[in-house]
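Structural overview for review
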Amino acid sequence: MNKRARDIDHLQGHWLLAKLGKKVLRPGGVALSQWMLNQLNLKNKDVVELAPGLGVTAKSILLHGPRTYTGIDEDENAVAQLRQQLGGARIVCGSAAATGLDDAVCDVVVGEAMLSMQSETIKNSIVSEAARILRPGGHYGIHELALVPNDVDDKVAEELKKNLARSIRVNARPLTEMEWAALLEQHGFVLESIKVAPMGLLHPRQLIADEKLRVFKIVFNLIRWPNARKRVVNMRRVFRDNSKNLSAIGIVARKL
Ligand SMILES: C[S@@+](CC[C@H](N)C(=O)[O-])C[C@H]1O[C@@H](n2cnc3c(N)ncnc32)[C@H](O)[C@@H]1O
């Protein structure tokens, strides 16, 4: 097996998709991100984005005219790319659970497709960090994976998490809508809006809507890299087989 094939076998699902040319790496796609950003009234606000990844939402945030934008991602390569793409924006390489930012420095915190992949302890640390850096009355917008329905059978949820972890090589632990709500409320947030949408990361309709002409590059790479194709077909099968119990969720909450 050559190095590329080995890399492809081990890459976390989102970095595999990024290697193929995909830029939108969140379950509800650009549509759910736009819904969330529209709720947040970003104009003239100090905005912190946790885990901006390849910067698609960062660019949308900047179009809303914030006063400042700071992105925090733990991946050095993503940070280097973001610094190149986003010119004057402040991009920090670091953990969302310990941003190094001062208390109450921002009006809005945004985080997409990053809490779902954390343990319960780290989820709590990240939400607590978001609460710490927000000013009172500030807003936190998240876009994550949700288990559905709220009373999903424990065994079904455990099996789903196992299959998901095996296929995306990330120990993903999505929560139900009620559990996401409880997590935010425990850290002093009041929920303002919630939207549940299909988990369409690899659904053809969402792929085209999110990636537009980049779809051709993704398909071309899938044709020439059989190992990547095998993994993506497997990921898509797991998403499809679990579609009754897996959704995307956007939540906007206010810090008291
Ligand atoms: C699935 S990608 C999502 C990227 C982007 N938010 C999007 O929606 O397209 C996950 C991102 O979270 C970042 N990440 C994961 N855990 C993190 C943490 N604890 N602190 C900072 N960044 C983290 C990864 O480096 C990666 O960029």
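Above this text you will find the structure in question.
Description of the structure in this document. All of these numbers come straight from a predicted model, not from anything done at the bench.

1. Concerning the overall build of the chain
If you tally the helices and strands in the chain, you get 11 helices and eight strands. Dimensions of the chain along its principal axes, counting C-alpha atoms only, are 50 × 45 × 30 Å. Put simply, the chain has 256 residues, and 52% of those count as buried. Here the contacts in the chain between residues at least 6 apart in sequence split such that 77% fall between residues at least 24 apart. Carbon together with sulfur atoms contributes 53% to the accessible area of the chain, which is approximately 12,300 Å² in total. For the chain, the distance from the average site of its 37 positive side-chain charges to the average site of its 27 negative ones is 9 Å.

2. Notes on the site of the ligand
Surveying the vicinity of the ligand reveals 18 residues, the closest of which are Arg26, Ala51, Asp73, Ala96 and Glu112. One nitrogen or oxygen atom from the side chain of Arg26 is found 2.8 Å from an oxygen atom belonging to the ligand. Within the backbone of Ala51, a nitrogen or oxygen atom sits 2.7 Å from a nitrogen atom of the ligand. Calculation on the ligand without its partners gives an accessible area of 600 Å², and the protein chains cover 96% of this total. For the shell around the ligand, the class distribution of residues is eight nonpolar, five polar and five charged.

3. Examining the packing of helix 3 (residues 29-40) against helix 4 (residues 56-63)
Helix-helix packing: each pair is described by the crossing angle between the helix axes and the interaxial distance. The N-to-C vectors of helix 3 and helix 4 enclose an angle of 35°; their axes lie 11 Å apart at closest approach. Judged by the twist between their axes, the crossing of helix 3 over helix 4 is right-handed. Counted together, Ser33, Gln34 and Leu37 of helix 3 and Thr57, Ser60 and Ile61 of helix 4 form the full contact between these two elements. Tallied by class, the residues present in the contact of helix 3 with helix 4 amount to two nonpolar, four polar and no charged.

4. Looking at helix 3
Helix length check: helix 3 (12 residues) gives 17 Å between terminal C-alpha atoms against 16 Å at 1.5 Å per residue, within 8%. Among all positions of helix 3, only Gly29, Leu32, Ser33, Trp35, Met36, Leu37 and Leu40 are buried. Residues of helix 3 that are buried make contact with helix 4, strand 4 (106-112), strand 5 (134-147), strand 7 (189-198), helix 9 (204-211) and strand 8 (246-255). Among the residues trailing helix 3, Asn41 stands out with phi positive, at a value near 45°.

5. Comments concerning the environment of Arg6
Inspection of the secondary structure puts Arg6 in helix 1 (residues 3-10). Taking the C-alpha atoms as reference, Arg6 lies 8.8 Å from Asn227; in sequence the two are 221 residues apart.

6. A word on the pairing of strand 4
Taken across its seven residues, strand 4 has seven buried, putting it largely inside the fold. Across four bridges, strand 1 (residues 46-50) lies against strand 4 in parallel orientation. The residue of strand 4 that forms the bridge with Val47 is Val108. Of the crossover connections in this fold, the one passing from strand 4 over helix 6 (residues 120-133) to the parallel strand 5 is right-handed.

Rules used in this analysis
- Residues numbered from 1 in each chain as written.
- Predicted model: local features only at pLDDT ≥ 70, side-chain atom pairs only at ≥ 80, totals over all residues.
- Heavy atoms only, no water.
- Helix = DSSP H or I, 4+ residues; strand = E, 2+ residues; numbered from the N terminus.
- Buried < 20%, exposed > 50% of the residue type's maximum accessible area, 1.4 Å probe, protein only.
- Contact = heavy atoms within 4.5 Å.
- Areas by Shrake-Rupley, 256 points an atom, 1.4 Å probe, with all protein chains shown as cover.
- Lys, Arg positive; Asp, Glu negative; His and termini not counted.
- Charge placed at Lys NZ, Arg CZ, Asp CG, Glu CD.
- Near = heavy atom within 4 Å.
- Polar contact = N/O pair within 3.5 Å; in protein donor to acceptor, adjacent residues only side chain to side chain.
- Nonpolar A, V, L, I, M, F, W, Y, C, P; charged D, E, K, R; others polar.
- Axes fitted to C-alpha atoms, helices over the stretch in contact; angles between N-to-C directions.
- Left-handed = near helix turned anticlockwise from the far one by under 90°.
- Expected span 1.5 Å × (residues − 1).
- Pairing = 2+ DSSP bridges.
- Right-handed = clockwise from strand over helix to strand, strands pointing away.

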